[in-house]
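If you want the building blocks of each chain, they are given just below.
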Number of protein chains: 4
Amino acid sequence: MGMIGGSLEAFIGAVHRRGAALDGEIELVCGAFSSNPEKSKATGEALYLDPSRVYGSFQEMILTEKNLPEGERMDFVSIVTPNHVHFEAAKFAIENGFHVVMDKPLTLNMEEAKALKPIVENSGLLFALTHNYTGYPMVKEARAIVKSGAIGKVRKVIVEYPQGWLSQLVEATGQKQAAWRTDPARCGAAGGVGDIGTHAENLAEYITGLKITELCADLTIFVEGRQLDDDANILLRFDNGAKGILHNSQICNGEENDLNIRVYGEFGGLKWRQMEPNTLELTNQENGSRIIRTGVGNLSKHAQAHTRQPAGHPEGYVETFANIYRNFAFALRARWGTENRAVAVGNLGGTQDNADAYIPEIHDFPGIDDGLRGMAFINTVVKSNATENKWTKFEI
Amino acid sequence: MGMIGGSLEAFIGAVHRRGAALDGEIELVCGAFSSNPEKSKATGEALYLDPSRVYGSFQEMILTEKNLPEGERMDFVSIVTPNHVHFEAAKFAIENGFHVVMDKPLTLNMEEAKALKPIVENSGLLFALTHNYTGYPMVKEARAIVKSGAIGKVRKVIVEYPQGWLSQLVEATGQKQAAWRTDPARCGAAGGVGDIGTHAENLAEYITGLKITELCADLTIFVEGRQLDDDANILLRFDNGAKGILHNSQICNGEENDLNIRVYGEFGGLKWRQMEPNTLELTNQENGSRIIRTGVGNLSKHAQAHTRQPAGHPEGYVETFANIYRNFAFALRARWGTENRAVAVGNLGGTQDNADAYIPEIHDFPGIDDGLRGMAFINTVVKSNATENKWTKFEI
Amino acid sequence: MGMIGGSLEAFIGAVHRRGAALDGEIELVCGAFSSNPEKSKATGEALYLDPSRVYGSFQEMILTEKNLPEGERMDFVSIVTPNHVHFEAAKFAIENGFHVVMDKPLTLNMEEAKALKPIVENSGLLFALTHNYTGYPMVKEARAIVKSGAIGKVRKVIVEYPQGWLSQLVEATGQKQAAWRTDPARCGAAGGVGDIGTHAENLAEYITGLKITELCADLTIFVEGRQLDDDANILLRFDNGAKGILHNSQICNGEENDLNIRVYGEFGGLKWRQMEPNTLELTNQENGSRIIRTGVGNLSKHAQAHTRQPAGHPEGYVETFANIYRNFAFALRARWGTENRAVAVGNLGGTQDNADAYIPEIHDFPGIDDGLRGMAFINTVVKSNATENKWTKFEI
Amino acid sequence: MGMIGGSLEAFIGAVHRRGAALDGEIELVCGAFSSNPEKSKATGEALYLDPSRVYGSFQEMILTEKNLPEGERMDFVSIVTPNHVHFEAAKFAIENGFHVVMDKPLTLNMEEAKALKPIVENSGLLFALTHNYTGYPMVKEARAIVKSGAIGKVRKVIVEYPQGWLSQLVEATGQKQAAWRTDPARCGAAGGVGDIGTHAENLAEYITGLKITELCADLTIFVEGRQLDDDANILLRFDNGAKGILHNSQICNGEENDLNIRVYGEFGGLKWRQMEPNTLELTNQENGSRIIRTGVGNLSKHAQAHTRQPAGHPEGYVETFANIYRNFAFALRARWGTENRAVAVGNLGGTQDNADAYIPEIHDFPGIDDGLRGMAFINTVVKSNATENKWTKFEI
């Protein structure tokens, strides 16, 4: 794998590298870590890369690597830049024949997103988008439970993503993470809605299997001097008649990263919280709640295949990236027709029955359509916020 | 005290009786427990009342008691009937010179509410409405913290009241509690919004000291055959520019009575959950959370005055009614110019400094204005639900 | 009921009064609230008692009330004095024909305890000891689950009672509660072990149905200048071969009143915590945990009969006393052959089937044998602490 | 790094490999994964190793690698075999000049442990023992808080390690993990005490900085047919006069891996639970509890240096191994005089001040003395269990 973006001061680049490294299936062999060649070089050195494969631009990397012999050149790129670089980097990689793993959101705006979709689909190449939170075993379990019909038809969905780190104008203090996330030029038309709201939207649709059809949004910039929304309250309607609420915020002072979801159906409900991700609560009016835990009991194959430790040994954030990268690696090898050797050491997880098989439906990862819906969500929210009409259709 | 409503099968009547009895300040001396004289009689007997003071109608009770000598006749009435009786019972009691404690919501509809307000205010009599949840010590503490400025200007309020008991059409099975709460004739224009949404609205305004100015509501009847809303998703705007979300539901399958609130200000936040009422979390971006607990440390006088046990001895639902009834009794005696003797036995709670004084600001209880705002909330929500405009003004 | 002890500054007297008043089944009619007649008088006045029935000593009260006509005189006494008065007060009451409810521990020492047992048993009178924590609905449920065999043979019991309020030498500051609880003359041979360790012992034996057969104790006085143990670590062995740990402490700085128990059997386990008493966790190795909640689902009749509110309306400490007093009242009327009228208003709780019947096995309360075992526990712990032998037999 | 043990079916080998890989500082270059050469070969292949560096025995690996040129040969060995192989593998590695990372417990018995200590110490080589739980940031923070004096002199320590996975005789069903852990020949004189009790002992001593001086143990084999203890209840005494309780169990049906500790000092307490490792509670009698969270606020450098993600992105079990391996790598380079390049990419964590420096006191890892105390703990517990004397000295 070659990395685009992710220099020393970046946050998400290191997360991707750790996720990719965890299972021993993927090796970082080259990178264009910054548009500043000095920074890129320093990063490559710190990562023990061959200096000849640390590049000053992603174009240089892609064109150079393309000419390396098969087996030596990178197999795919991992794009972890700010949003405004996503489209051109992904397009360039694909057009030069490289598979792509990319951080979310998909692109800077809807136009780029719509343009990228046919590029990906016509290329025949693999494309993953790291909506990582759907990589948690208990999220997989929740989806499997909804699908099984155990809670009946879904009626109500409440999904929240409160953070507090932008409670003050930290972007004015030189905090790099805050700076680009609050800058329309690098981040797009929405702030928090794009950064974390899309995760909430993706999580809700992933678990329920439903699609948002219309919404009503109230966006706010609470911190004076900020350019993009730091708070969003949104009413949702889904394609099966379910109703919902999505709110995300960066000004919930004292909240860390408290993505959470509750889904209520006719016969029961599900509650999950990212900050304690190994627990899933299955509520029921007649029998009370059952606590479902990673690694305990008779879980779905979907959950088992994304669990590495025995029960009670907490797994966390880095494993969600590892799950996407590992599944991507498996899909890649399935393309090549090579076997997944690591399957044997438990990297596919699961029961004896399926431990030695790659099953696309189970070893899934988010892709271009998740990305497109994310961009449409941003667009619809911004549009809804600007109108006095109650409901705005969710359109792609 | 004399009780109107609250026969043997009723739920809330027994709660009021227990709350009134807890501190030994109030004695139940008579009642018109049902419009069915047989039922009223049976209830009075079960409660060991003098049969001559168990009445067949509230009119009979009020007129008869009125003629008893002072010191013997009841001092006030407690009205615990379904909503459609509230107005006429309260009006009749007040017009005959009796103070009133009444269950919420105030009346069946806005017209009655508006008519009741001047009746109460011109009477010079005491009037309490049992929005009991604001009687919890940690709710008092939350209000005191907001007032102190410790969390700065309030920016965001999330208040929820999920229940699951109406997930099926239980009103069709003869369940009495469900039957009247889903019947427009006895309950009013809204179902869940009136029954529990008003508690959420009252709680949010009580803690923050803010007023809702406009809202956007999406009501649903999820259970086929039901006549009134069993789910509400509502966006809120407050008079200081704060934004918020209120949702209440009776179809959150598996939820018990999970009223909860989160309030975020510039410098911190507050989180409270009715089902574990003795804990209040004070969040802070820089320092992490502090856990505030009933009876622990240097709490506000407001919290102390409503706490009966040492820390770690859980207090619950019945104490919230007791707090309203006790404060009402104190206010009554202050009217009479008699001392509150029970102060000495700790019934006022609080530190040495204030244990022997009745302080209206501290020993507060909800009244006619809370009731009127509750009715206006119901009205505004129903109106908002019926329009395609995003925002509907909250008007009284 | 007449009360012995429980003057204005006392803690537990007010708790008993509230517990007795809650259900409207018991009326406080007289009291000897203090050995100081002035204090007794002031307390009686604050409680609105007839001054002629406020006495200067328990002897005076008992002898005077005895001569009042039946129907007017008190039916039983409630003894809430410090431990050193328990024996003589109970003995005097019983010998004069009054039933007794008494706070724990039973007596000042084992000799008194052994002497009291035949007095109680030969009198034919009712005797209740307020080991109140076994009055929680979820403790009743836990006991019922163990009895049902659902968790199989019990193997391990961990019961804890940590408090932190004696972390400093507060008895030297004039704190009345601390003063008598750390004074051997008023409290007995043990401090924390008698005050709270006995609650832990009683809870463990009540839930498991097992008896402690031997133990190994390590007592400590951590706070310099204190006269009695403020910390106890104890290994337990039970009569079925189960093993256990009991520890109680008053120097766990920051702990409130965190009585809790875990019971593990062959097929599952139970976890309960007094500070969140409406929740019981049923653990299971194969299926994960089930959350059992007061008022939710198909609970045992034992739990139902001690629950007053619908699910999610928290019940707490005062209700545990109310449960003992109410069951005592029912037992009393069963003696008299009178019906329990309040049954009809739901004071017996329970399903339709058993709501109108008093069932001694379900409406149970702790008695003389619980008290005697508590005293034997104190004795055995003190003896074990003094020896270098590992195990000391639990003997009565 | 070269690995000894850790074939395909092993549990802990994969954990070590993931921990070592996470930060990109260590590369697995060779292995003797099993005493069965076929299994070793298959494992090496699954891990993409050069077949020429997959060995049939650890002796072969060590002797062969020793002769490879510097820069090519492995730098250290990681020993992840069952306990009975530890001693000879570590001895052979050290005697041939290789640094060692080894899983706990140190050896099969005390004799081996005592023999290994001088071998390690005289070699001048680095030795790490993966008592991984002390690698959690909040454990580092707890230790720093105790050291700071914030909770005063430690009085009471309660440390627990309940599991439920051996509630039935699973070793008879061919479960490999259960089989060797319950076999004295491969596991040593104790079962659960060696496997998990030593973790509890290590955690308690690490956080408090105290040493256990004597103890009183009650071991049980609850499951018929088992050869080693599956439950231990132990009273502890520490060198500063503190008292404590340690219990570990494998028959707490329904418990996963619930290692937890509570430490109470004169002025406050600390509570930590491995299953939710990113939270530390600081209790205080006067002010209530503070919640300390990974990544939030002004934490100690010790905690910061072992944290990889921003607050609210859960870190777990694999990071504890990564922390040991990374610190070991840093110590290794400090030996070599080479800089830690990865420091620059945040792998040392910490504030700007110390992010570019390796500080042994902060980047610590468990070593030979932890291992020796662990073995002495096992020995003392077994001895105490066999005697009727209450206290057995903890002797090395």
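Remember, it's a predicted structure, so these values are computed and weren't measured experimentally.

For the rest of this paragraph, the subject is the interface of chain B and chain A. Each partner contributes to the interface: chain B provides 53 residues, whereas chain A provides 53 residues. Broken down residue by residue, the surface that chain B buries against chain A is led by R155(B), N253(B) and K390(B), which jointly contribute 19%. Across the chain B-chain A interface, the total number found is 10 salt bridges. Note that K156(A) and D231(B) form a salt bridge whose closest N and O atoms lie 2.8 Å from each other. Across the chain B-chain A interface, the total number found is 36 residue pairs in polar contact (both at pLDDT 80 or more).

Chain D puts 41 residues into the contact, and the matching count from chain A is 40 residues. Both faces combined, the contact of chain D with chain A buries some 3,600 Å², and carbon together with sulfur accounts for 55% of it. Linking chain D with chain A are four salt bridges. With a closest N to O distance of 2.9 Å, D23(A) and R18(D) form a salt bridge. Secondary-structure elements contributing two or more residues to the side of chain D that touches chain A are α1 (12-21), α2 (37-46) and α11 (317-336) of chain D.

Before going further, it helps to spend a moment on helix α9 (residues 192-208) of chain D. Residues and elements named next belong to chain D. Taking 1.5 Å as the rise per residue, α9 with 17 residues should run 24 Å; its terminal C-alpha atoms sit 23 Å apart, in good agreement. A bend of about 30° at T198 is the largest found in α9. Burial analysis of α9 places 17 of its 17 residues in the buried class, the great majority of the element. One or two residues past the end of α9 sits G209, with phi positive at roughly 70°.

Right, let's talk about the sheet that holds strand β1 (residues 2-4) of chain C for a bit. Strand pairing in a sheet relies on backbone hydrogen bonds. The paired strands run either parallel or antiparallel. All names here are of chain C. One open sheet holds the five strands; their spatial order is β2-β1-β3-β4-β5, and the pairing between them is parallel. Each edge of the sheet is formed by a strand with only one pairing partner; in this case those strands are β2 (30-32) and β5 (127-129). In this sheet, neighbouring strand axes are inclined to one another by 15° on average, regardless of whether the strands run parallel or antiparallel. In this sheet, β5 lies alongside strand β4 (residues 99-102) in parallel orientation, the contact comprising three bridges. Residue pairing for β5: V101 is matched across the bridge by A128.

Further remarks concern the pairing of strand β10 (residues 260-265) of chain D. Working note: regular strand, side chains alternate between the two faces of the sheet. All names here are of chain D. Of all six residues that make up β10, six are buried, and the element is covered over most of its length. Of the two faces of β10, the one holding N260, R262 and Y264 and the one holding I261, V263 and G265 are both buried throughout. For strand β6 (residues 154-162) and β10, the ladder comprises six bridges, and the chain directions are antiparallel. By the bridge assignment, V154 is partnered in β10 with G265. Of the pairings in the sheet, the one linking β10 to strand β11 (residues 269-273) comprises five bridges and is antiparallel in character. Counterpart to R262 in the pairing with β11 is K271. Between β10 and β11, which pair antiparallel one after the other, the connecting turn spans three residues.

Taking the UniProt record as the reference, the feature "domain: GFO/IDH/MocA-like oxidoreductase" (unreviewed entry) is found at residues 140-270 of chain A. For residues 140-270 of chain A, the helix share is 27%, the strand share is 31%, and the end-to-end C-alpha distance is 12 Å.

As a further point, take the relation of the copies chain B and chain A. Placing chain B over chain A gives an RMSD of 0.0 Å and needs a rotation angle of 180°, together with 0.0 Å of translation along the axis. On this basis, the relationship between the two copies can be described by a two-fold rotation axis. Within chain B, the C-alpha atom positioned nearest to the axis of rotation is that of K390(B), 2.0 Å from it. A shared binding surface is used by both copies, with 100% of the interface residues of chain B retained as interface residues in chain A.

What follows deals with helix α6 (residues 137-148) of chain D. Residue and element names in this part refer to chain D. Between its first and last C-alpha, α6 extends 16 Å over 12 residues, near the 16 Å set by a 1.5 Å rise per residue. Counted residue by residue, α6 has nine buried out of 12 residues, so it is predominantly covered. Listed as buried for α6 are P137, M138, V139, K140, E141, A142, A144, I145 and V146. Buried residues in α6 make contact with β6, α9, β11, β12 (279-283), β13 (289-293) and α10 (301-304). Backbone geometry just after α6 places G149 at a positive phi near 85°.

Here we come to the environment of P105(C). Note that P105(C) resides in the loop between β4 and α5 (110-123). Once you skip the residues sitting within four places of it in the chain, P105(C) turns out to touch N83(C), H86(C), G194(C), M375(C) and I378(C).

Looking at where N278(C) falls in the secondary structure, it is placed in the loop between β11 (269-273) and β12 (279-283). Apart from the residues lying within four places of it in its own chain, the contact partners of N278(C) are M138(C), I292(C), R293(C), T294(C), P314(C) and E315(C).

The next point concerns the packing of aromatic side chains. We describe a pair of aromatic rings using the distance from one ring centre to the other and the angle between the two ring planes. Counted by the stated rule, this structure contains 32 aromatic pairs over all chains. Taking the centre distance of 6.2 Å and the plane angle of 45° together, the rings of Y133(C) and Y317(C) count as tilted. Of the two residues, Y133(C) sits in the loop between β5 and α6 (137-148) while Y317(C) sits in helix α11 (residues 317-336), which places them 184 residues apart along the sequence. The buried category is assigned to Y133(C), whose relative accessible area is 3%. Overall, the relative accessible area of 3% leaves Y317(C) in the buried class. Aromatic pair Y133(D) and Y161(D): ring centres 6.0 Å apart, planes at 80°, arrangement edge-to-face. With a gap of 28 residues between them, Y133(D) in the loop between β5 (127-129) and α6 and Y161(D) in strand β6 connect regions that are remote in the sequence.

This part takes up the relation of the copies chain D and chain A. Aligned on chain A, chain D shows an RMSD of 0.0 Å; the corresponding rotation is 180° and the shift along the axis is 0.0 Å. With an isologous cut-off of 70% or more, the 98% of interface residues of chain D that recur at the interface of chain A puts this contact in the isologous class.

Attention now moves to the side chain of K271(D). For K271(D), the location among the structural elements is in strand β11. Separated by 2.7 Å, the side chains of K271(D) and E255(C) make a polar contact. If sequence neighbours within four positions are ignored, K271(D) has contacts with E255(C), D258(C), I261(D), R262(D), Y264(D), T279(D), L280(D), E281(D) and T283(D).

Calculation criteria
- All residue numbers refer to positions counted from 1 along the written sequence of the respective chain.
- Lettering of chains starts at A and numbering of ligands starts at 1, both following the order in which they are written.
- Reporting in this predicted model follows two pLDDT cut-offs: at least 70 for local features of residues, and 80 or more for side-chain atom pairs to be given and counted; totals over whole chains, interfaces and linings ignore these cut-offs and use all residues.
- Hydrogens and waters are ignored; side-chain quantities use all the structure's heavy atoms.
- Contacts were defined at the residue level, with two residues in contact if any of their heavy atoms lie within 4.5 Å.
- When two parts are put together, the accessible area they lose, computed with a 1.4 Å probe and summed over both, is reported as buried area.
- Basic side-chain nitrogens of Lys or Arg form a salt bridge, by our definition, when they fall within 4 Å of a carboxyl oxygen of Asp or Glu.
- Any N or O atom pair separated by 3.5 Å or less is treated as a polar contact, with the protein-specific requirement of one donor-capable and one acceptor-capable atom, and with residues adjacent in sequence counted only for side-chain atom pairs.
- Helix numbering and strand numbering both begin at the N terminus, where a helix is a DSSP run of H or I of at least 4 residues and a strand a DSSP run of E of at least 2.
- Given a helix with a known number of residues, its expected span is that number minus one, times 1.5 Å.
- Two axes enter the bend calculation: one fitted to the seven residues ending at the residue in question, the other to the seven starting there, and the bend is the angle between them.
- Under the scheme applied here, a residue whose accessible area is under 20% of the maximum for its type counts as buried, over 50% as exposed, and between as partly exposed, the area being computed with a 1.4 Å probe on protein chains only.
- When DSSP finds at least two bridges between two strands, those strands are taken to pair.
- To obtain each axis, a line is fitted to C-alpha atoms, and for helices this fit is confined to the stretch in contact; angles are then taken between N-to-C directions over 0 to 180 degrees.
- UniProt positions are given in the numbering used here, feature names are shortened, and annotations may be inferred rather than shown by experiment.
- To line up the copies, we fit them by least squares on C-alpha atoms, keeping just the residues with pLDDT of at least 70 in both.
- Pairs were defined over the aromatic rings of Phe, Tyr and Trp, the Trp ring being its six-membered one, requiring ring centres within 6.5 Å. Orientation was assigned from the angle between planes: stacked under 30 degrees, edge-to-face over 60, tilted for the rest.

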